[in-house]
Amino acid sequence: MAQSYETLLLEVDESGICTLTINRPDKLNALNSLVLEELDNAVDAIKENYKIKSVVITGAGEKAFVAGADIKELSTLDPVSGEKVSKRGQDVFQKIEDLTIPVIAAVNGYALGGGCELAMACHLRIASNKAALGLPEVSLGLIPGYGGTQRLTKLVGRAKALEFIMTGRQVTAEEAFEVGLVNQVTEHSAVDEVKSMLNKIMKQGPVAIKNALLAVKEADSANGFEAEARLFGELCGTADFKEGTGAFLEKRKPNFSGK
């Protein structure tokens, strides 16, 4: 990808997997305004690149996925600028969640505060067994502001979300798995495990994967069932549907075109 970044690394392999790395290892990949700006631009670039079929988001180094926000920046906020910063982070993370290709977080270390919120904005999460996750904002006199109160509640339920947020405690990867915060824990490279899962996903019908993401997004709305039926119907008119059903009946592997 032609665009260069100060705080990010982007690589696209031959299979179409884009690895997006938060690259501030000396700061434990902490989020600041520049990282958010570049994340915003990177998501736009990913959407415009038809060669990208899926995304891994991870952090540089072995210690941290993203160990939170830049506390020095946060310390200067007042009520007006604080709300603005919160909405900015929410908007960027929502753009990640709204991508219609699979996005999986490879949580390779500390995922705290904004880092945990970034991981939750991804569609799935695979964590190293050495990872630690948490929303410790109350220890700063704050609450999660980049969507954490909302996404954590959806993932683990209201009671567990309140426990994690109000105590601010870190949870191990194993506990995160037990409560549904992460999908899988690995003793190996989290990035490698994510790519393995993405390779399995990318063998499926790409239009179906897109519509699955859109349908699940509507699960909390009043129109969820209606959206599911509409998206199901749309797929019945695609070349991938004809290829998938034909391959099943002919006992062969499908060759999906994404159309």
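Refer to the structure presented above.
Quick caveat: nothing in here was measured; it's all calculated off a predicted structure. Residue indices begin from 1 for each chain and proceed along its sequence in written order. The predicted nature of this model means local features are confined to residues of pLDDT at least 70 and side-chain atom pairs, given and counted, to a pLDDT of 80 or more, with totals for whole chains, interfaces and linings taken over all residues. The side-chain numbers reported here are obtained from all heavy atoms of the structure, hydrogens and water having been left aside.

K.L.:
I keep staring at the overall build of the protein chain and nothing clicks. Help me out?
P.N.:
Secondary structure elements are defined from DSSP: runs of H or I of at least 4 residues count as helices, runs of E of at least 2 residues count as strands, and each element is numbered from the N terminus. A count of helical and extended segments in the protein chain gives eleven helices and ten strands. Here the globule rule reads 2.2 Å times residues to the power 0.38, and the radius of gyration is calculated from C-alpha atoms. Relative to a compact globule of 259 residues, whose C-alpha radius of gyration would be 18 Å, the protein chain shows 19 Å and is just as compact. For the protein chain, the spread of C-alpha atoms along the three principal axes comes to 60 × 40 × 35 Å. Sorting the 259 residues of the protein chain into buried and exposed places 44% on the buried side. Summarising the internal contacts of the protein chain: among those between residues at least 6 apart in sequence, 67% fall at separations of at least 24. We get accessible surface area from the Shrake-Rupley algorithm with a probe of 1.4 Å; when it comes to residues, only the shown protein chains can shield them. Surface exposure of the protein chain reaches about 14,100 Å², of which carbon and sulfur atoms provide 54%. His is not counted, nor are the chain ends, whereas Lys and Arg count as positive and Asp and Glu as negative. We put the charge of a Lys on NZ, of an Arg on CZ, of an Asp on CG and of a Glu on CD. For the protein chain, the separation between the mean place of its 29 positive charges and that of its 35 negative charges on side chains is 3 Å. Only protein chains enter the accessibility calculation, which uses a 1.4 Å probe; a residue is then buried when its area is under 20% of its type maximum, exposed when over 50%, and partly exposed in between. Between two residues, a contact is recorded if the distance between any of their heavy atoms is within 4.5 Å.

K.L.:
It is not clear to me how the packing of helix 3 (residues 79-97) against helix 4 (residues 114-121) should be interpreted in this structure. Could you clarify?
P.N.:
Any two packed helices are characterised by the angle at which their axes cross and by the distance between the axes. Running from N to C, helix 3 and helix 4 point in directions that differ by 30°, and their axes come no closer than 8 Å. Put simply, helix 3 runs roughly parallel to helix 4. Of the residues in helix 4, those touching helix 3 at F93, I96 and E97 are G114, E117, L118 and A121. Its residues assigned to classes, the contact of helix 3 with helix 4 shows four nonpolar, one polar and two charged. What counts as an axis is a line fitted to C-alpha atoms, over the stretch in contact for a helix, and the angles between N-to-C directions run from 0 to 180 degrees. Oblique is the label for any angle not covered by the other classes, which are roughly parallel (under 35 degrees), roughly antiparallel (over 145) and roughly perpendicular (65 to 115). Residues were grouped as follows: Ala, Val, Leu, Ile, Met, Phe, Trp, Tyr, Cys and Pro as nonpolar; Asp, Glu, Lys and Arg as charged; and all remaining residues, including Gly, as polar.

K.L.:
I keep staring at the sheet that holds strand 5 (residues 103-107) and nothing clicks. Help me out?
P.N.:
Two strands qualify as a pair provided that DSSP identifies no fewer than 2 bridges between them. The six strands are arranged 1-2-3-5-7-10 in an open sheet whose pairing can be described as mixed. Two strands bound the open sheet, and with one partner strand each, they are strand 1 (8-12) and strand 10 (184-186). Along the sheet, successive strands turn relative to each other by an average axial angle of 20°, direction set aside. The sheet contact formed by strand 3 (residues 54-59) and strand 5 spans three bridges and is parallel. Each residue of the ladder has a partner; that of V56, found in strand 5, is I104. Relative to strand 5, helix 8 (residues 190-201) is tilted by about 160°, and along the sheet it contacts strand 2 (17-22), strand 3, strand 5, strand 7 (124-128) and strand 10.

K.L.:
What is the right way to read a nonpolar patch on the surface from this model?
P.N.:
Residues I71, L140 and L142 make up a contiguous nonpolar surface patch of about 260 Å² in total accessible area. Mapped onto the elements of the fold, L140 is located in the loop between strand 8 (132-134) and helix 5 (148-156). Taking the relative accessible area as the measure of exposure, L140 reaches 47% and is therefore partly exposed. Like charges are joined within 9 Å and nonpolar side chains (Val, Leu, Ile, Met, Phe, Trp, Tyr) within 5 Å, but only among residues with over 30% relative accessible area and no salt bridge; these make up the patches. Salt bridges are defined by distance alone: a side-chain nitrogen of Lys or Arg within 4 Å of a carboxyl oxygen of Asp or Glu.

K.L.:
Whenever I open this one, the pairing of strand 5 confuses me. Can you help?
P.N.:
Extensive coverage of strand 5 is indicated by the burial of five of its five residues. The alternating pattern of strand 5 places V103, A105 and V107 on one face and I104 and A106 on the opposite face, and all of these are buried. Direction of pairing for strand 5 relative to strand 7: parallel, over a ladder of four bridges. Bridging across to strand 7, I104 finds its partner in L124.

K.L.:
Help me understand the sheet that holds strand 8 in this model?
P.N.:
Sheet strands line up and pair through hydrogen bonds in the backbone, either parallel or antiparallel. Judged by pairing direction, the sheet is mixed, and its four strands sit side by side in the order 4-6-8-9 without closing on themselves. Both edges of this open sheet fall to strand 4 (64-66) and strand 9 (171-172), since each of them pairs with a single strand only. As defined by bridge partners, strand 4 adjoins strand 6 (residues 110-112) across two bridges and the pair is classed as parallel. Across the sheet, the residue bridging to A64 is Y110, located in strand 6.

K.L.:
Would you explain the pairing of strand 1 in this entry?
P.N.:
Every other side chain in a regular strand lies on the same face of the sheet, so the side chains alternate between the two faces. The pairing of strand 1 with strand 2 spans five bridges and is classified as antiparallel. What sits directly across from L8, in strand 2, is I22. Linking strand 1 back to strand 2 in an antiparallel pair, the connection comprises four residues, with G16 at a positive phi of about 95°.

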